[in-house]
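# Understanding the architecture of this molecule
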Amino acid sequence: MSAALALPRARAAPRRRVPARRAPASVSRGVRLPIAPDRARRLLLWLVALAMAAALVATLLLMRVPQRIGAWAQAQSVASGFEVRAIRVTGTRHLGPATIEAAALEGGSSAMLGLSLEDVRTRLRALPWVADATVARRLPDRLDITIVERTPAALWQVNGRTQLMDATGHTLPIDDLAPWAALPLIAGPDAAREYPSLIGLLATQPAFAKSVDAATWVGGRRWDLTLKSRETLALPEGYAEAQAALAQFVALDAKQKLTGGSFTRFDLRLPGRMVVRLAHPPADPKAKAKGTAI
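Throughout, residues of each chain are indexed from 1 in the direction in which the sequence is written. With the structure being a predicted model, the display of local features is reserved for residues of pLDDT at least 70 and the display and counting of side-chain atom pairs for 80 or more, all residues being used for whole-chain, interface and lining totals. Side-chain measures were taken over the full set of non-hydrogen atoms in the model, leaving aside hydrogen atoms and water.

With that settled, consider the pairing of strand E2 (residues 130-138). Strands pair, by our definition, only if DSSP identifies at least two bridges between them. Starting at the N terminus, helices and strands are each numbered in turn, a helix being any DSSP run of H or I of at least four residues and a strand any DSSP run of E of at least two. Note: E2 against strand E3 (residues 142-149), 8 bridges, orientation antiparallel. Within E3, the residue paired with Ala136 across the bridge is Asp144. Between E2 and E3, which pair antiparallel one after the other, the connecting turn spans 3 residues.

Structure (structure tokens):
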């Protein structure tokens, strides 16, 4: 008698989960923008609008539209009575009203509202006789101008021509110099430019300065002073050196009365020495005829 044996069933092996494979690094997943797409579209629209506005402005400028609008506005203001019809000038002695008016309304426009007061003041200050100017608008139709004129201080002689000038060396055009004949005379190239330094030098000896009749800028380096008593005082080069030499001469003149006598020239160019020239050579042939050092 046979018997059947039941074999045990084999257990199924558990299923292994296969991990999802990652895409290779070389595979592109798309490009992410740093801003949201909606914001990017709005920004692009703004850029396009700005470019169109710039093109429009450039076109208007090329067609001179702003200038045409400004001219039209000025014409309308003039038609309404805002036009310069009167100019009141104060402070002038040598400048005529026509000169002031020509400078104030340069360009032919008399529109009151289109007038730049600062430009008017700049043009007025460019006139040779004007040291300063103020301009005020009195609506609807008047300008008030106050002029500060330059003060003549000396006559400048150069290249055979004599000109009037102020204390800063600024030349002043004038037809007749006769009213200014009593002013000090300076001579030599660049003497006008150096005149302020001469004024400063003479200011250190105000009493002596009254006896100076003329001054010559020599060699672009130094001054020769001509006194009213007709002597010439040759100063050394350099402001400090000239100031010291002038002080020594004034002190010596106060003690020995050098001016107004028999001398014609005092040369102070050598430090610590003064060489003088006599009006008439001495009778003694051994004496120096051209100069004497003291």
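Right, let's talk about the packing of aromatic side chains for a bit. Classification of ring pairs uses Phe, Tyr and Trp, with its six-membered ring standing for Trp, and accepts pairs whose centres are within 6.5 Å; under 30 degrees between planes counts as stacked, over 60 as edge-to-face, and the remaining range as tilted. Applying the stated rule across the entire model yields 4 aromatic pairs. Between Phe208 and Phe249 the ring centres are 6.1 Å apart and the planes differ by 75°, which places this aromatic pair in the edge-to-face class. Placement of Phe208 in helix H6 (residues 206-209) and of Phe249 in helix H7 (residues 239-256) is noted, with a sequence separation of 41 residues between them. Exposure is judged per residue with a 1.4 Å probe applied to protein chains only, and the accessible area is read against the type maximum: over 50% gives exposed, under 20% gives buried, and values in between give partly exposed. Among the residues examined, Phe208 registers a relative accessible area of 9% and is labelled buried. Overall, the relative accessible area of 1% leaves Phe249 in the buried class. Clustering of aromatic rings is evident, with ring pairs tying together Phe208, Phe249, Phe263 and Phe266.

What follows concerns the environment of Leu202. Residue placement: Leu202 occurs in helix H5 (residues 191-203). A C-alpha to C-alpha distance of 8.9 Å links Leu202 and Val212, two positions 10 residues apart in sequence. Ignoring sequence-local partners within four residues, the contact set of Leu202 consists of Ala209, Val212 and Leu225. What makes two residues a contact is simply this: any of their non-hydrogen atoms within 4.5 Å.

In sheet architecture, strand pairing relies on hydrogen bonds along the backbone and comes in two forms, parallel and antiparallel. In spatial order, the strands read E1-E3-E2; together these 3 strands make up an open sheet with mixed pairing. With one partner strand each, in any of the chains shown, strand E1 (86-90) and E2 form the two edges of the open sheet. Within this sheet the neighbouring strands show an average axis-to-axis angle of 20°, counted without direction. Pairing of E1 with E3, which is carried by 5 bridges, proceeds in the parallel orientation. Across the sheet, the residue bridging to Val89 is Ile145, located in E3. Contacting E2 and E3, helix H4 (residues 117-125) crosses the sheet at an angle of about 155° to E2. Between the N-to-C directions of two axes lies an angle of 0 to 180 degrees, each axis being a line fitted to C-alpha atoms and, for a helix, fitted only over the stretch in contact.

The next point concerns the pattern of salt bridges. Charged atoms that come close allow side chains of opposite charge to pair. What counts as a salt bridge is simple: a side-chain nitrogen of Lys or Arg found within 4 Å of a carboxyl oxygen of Asp or Glu. One pass over the structure, following the stated rule, counts 16 salt bridges. When the shortest N-O distance is used, the salt bridge between Asp213 and Arg230 registers 3.4 Å. Here Arg230 lies in the loop between strand E9 (222-227) and strand E10 (232-234) and Asp213 lies in strand E8 (residues 212-218), a separation of 17 residues in the sequence. Here Asp224 ties to Arg222 by a salt bridge, and the two come within 2.5 Å at their closest N and O atoms. Summarising the burial analysis for this pair, Asp224 and Arg222 share the class buried. Overlapping salt bridges bring together Arg88, Arg138, Arg142 and Asp144 as one network.

What follows is about a nonpolar patch on the surface. Residues Leu43, Leu47 and Leu50 make up a contiguous nonpolar surface patch of about 300 Å² in total accessible area. As for its placement among the helices and strands, Leu50 is situated in helix H1 (residues 37-62). A patch consists of residues exposed above 30% relative accessible area that lack any salt bridge, with like charges linked at up to 9 Å and nonpolar side chains (Val, Leu, Ile, Met, Phe, Trp, Tyr) linked at up to 5 Å. Accessible surface is estimated by sampling points in the Shrake-Rupley manner with a 1.4 Å probe; for residues, cover comes only from the protein chains shown.

With that out of the way, let us pick up the pairing of strand E5 (residues 161-166). In this structure, strand E4 (residues 152-158) lies alongside E5, joined through 6 bridges in antiparallel fashion. Residue pairing for E5: Val158 is matched across the bridge by Arg161. Where E5 and strand E6 (residues 171-172) come together, 2 bridges link them in antiparallel fashion. Counted as the bridge partner of Met165 is Thr171 from E6. The antiparallel hairpin formed by E5 and E6 contains 4 residues in its connecting segment, where Gly169 sits at a positive phi of about 90°.

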